[in-house]
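Commentary on secondary and tertiary structure
So the chains spell out like this:
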Amino acid sequence: MDAKKFSAALALLLVGLFLTGCQKDSAQQKTAATGLAAGTGGSNADTNSVARDLGTLMLTNHYETCVQLGAGKNCILTPKMIDRHNMQLTLAVESKTATGKMHDLSVTQVVTPAGKPVEVAVGDFSLSLTPNIAAE
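Remember, it's a predicted structure, so these values are computed and weren't measured experimentally.

To continue, consider the overall build of the protein chain. Of regular secondary structure, the protein chain possesses two helices and eight strands. Taken across its 136 residues, the protein chain has 30% of its residues classed as buried. Long-range contacts, defined as pairs at least 24 residues apart, comprise 43% of the intrachain contacts of the protein chain with a sequence gap of at least 6. Accessible surface for the protein chain amounts to roughly 8100 Å². Of this, 55% is attributable to carbon and sulfur atoms.

Following this line, the structure appears as structure tokens:
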């Protein structure tokens, strides 16, 4: 993918994130939030990042999944299958003010095998998770 197409795709993703926000009524999102409850929430002294173990997440190819990280912060995960075993995972951590306005947005992409644990730094967070793709 050339730089212009990548920039356009990233801009479209960001606009979509701003417009959609996180919805709480999806069973998939409730499952993701439940996985967060078992996570760790300590501060790492070396990097000043907050570690979160999101556990195993069932994701759907090309569909966003929102995980609440607490204190007005959400992580939107969007997987894209590259081949039968590998995915490109886009993680966007957004924080909002008490009035619901966007305060900060950090986006990171990684390529990882489906079903294998991965650790990703996004903004102030160090996230660990095992992404699985649901059969369509």
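Moving on from the model shown.
This paragraph deals with the sheet that holds strand E3 (residues 65–70). If you trace the four strands from one edge of the open sheet to the other, you get E3-E4-E5-E6, paired in antiparallel fashion. Both outer strands of the open sheet, E3 and strand E6 (102–113), are each paired with one neighbouring strand and no more. Geometrically, the sheet is characterised by an average inter-axis angle of 20° between neighbouring strands, direction not taken into account.

Attention now moves to the state of the cysteines. Throughout the structure, instances matching the rule amount to zero disulfides. Unpaired in this structure, Cys-75 has its nearest cysteine sulfur neighbour in Cys-66, at a distance of 7.9 Å.

Along the chain, Thr-112 falls in strand E6. Given the relative accessible area of 5%, Thr-112 is considered buried. The residues touching Thr-112, leaving out its near neighbours within four places in the chain, are His-85, Asn-86, Met-87, Val-118 and Pro-131.

To continue, consider empty space enclosed by the protein. According to the stated counting rule, one finds one cavity of 30 Å³ or more in the structure shown. Each pocket or cavity is described by its volume, and for the largest cavity that value is around 70 Å³. Every residue along the wall of the largest cavity is listed here: Lys-73, Val-93, Glu-94, Ser-95, Asp-104, Leu-105, Ser-106, Gly-123, Asp-124 and Phe-125. Mapped by element, the contributors of at least two residues to the lining of the largest cavity are strand E5 (86–96) and E6. Class assignment of the residues belonging to the lining of the largest cavity gives a composition of three nonpolar, three polar and four charged.

Right, let's talk about the pairing of strand E4 (residues 73–81) for a bit. Looking at chain direction, E3 and E4 are connected through five bridges and run antiparallel. Among the inter-strand pairings, Val-67 is bridged to a residue of E4, identified as Cys-75. Counting the residues between successive antiparallel strands, the hairpin from E3 to E4 contains two residues, one of them, Ala-71, with a positive phi of roughly 50°. Sheet topology places E4 next to E5; nine bridges connect them, and they run antiparallel.

Our focus in this paragraph is the environment of Thr-130. Tracing the chain through its elements places Thr-130 in strand E8 (residues 125–133). Excluding its chain neighbours within four sequence positions, the residues that come into contact with Thr-130 are Gly-55, Thr-56, Leu-57, Gly-115, Lys-116 and Pro-117.

A word on unusual backbone geometry. Despite not being glycine, His-62 shows a phi value in the positive range, around 70°. Relative to the elements of secondary structure, His-62 occurs in the loop between strand E2 (49–59) and E3.

The pLDDT averaged across the protein chain works out to 78; a share of 65% of its residues lies at or above 70. When the criterion is pLDDT under 50, residues 23–45 qualifies, and its contacts beyond four places in sequence or with other chains add up to 34 contacts.

Here is what the cut-offs are and how they apply
- Residues numbered from 1 in each chain as written.
- Predicted model: local features only at pLDDT ≥ 70, side-chain atom pairs only at ≥ 80, totals over all residues.
- Heavy atoms only, no water.
- Helix = DSSP H or I, 4+ residues; strand = E, 2+ residues; numbered from the N terminus.
- Buried < 20%, exposed > 50% of the residue type's maximum accessible area, 1.4 Å probe, protein only.
- Contact = heavy atoms within 4.5 Å.
- Areas by Shrake-Rupley, 256 points an atom, 1.4 Å probe, with all protein chains shown as cover.
- Pairing = 2+ DSSP bridges.
- Axes fitted to C-alpha atoms, helices over the stretch in contact; angles between N-to-C directions.
- Disulfide = S-S within 2.5 Å.
- 1 Å grid on protein atoms, 1.4 Å probe; cavity = no way out; pocket = protein on both sides within 12 Å on 5 of 7 lines; lining within 4 Å.
- Points joined across faces, edges and corners; volume = space filled by probe spheres on them.
- Nonpolar A, V, L, I, M, F, W, Y, C, P; charged D, E, K, R; others polar.
- pLDDT = per-residue confidence, 0-100.

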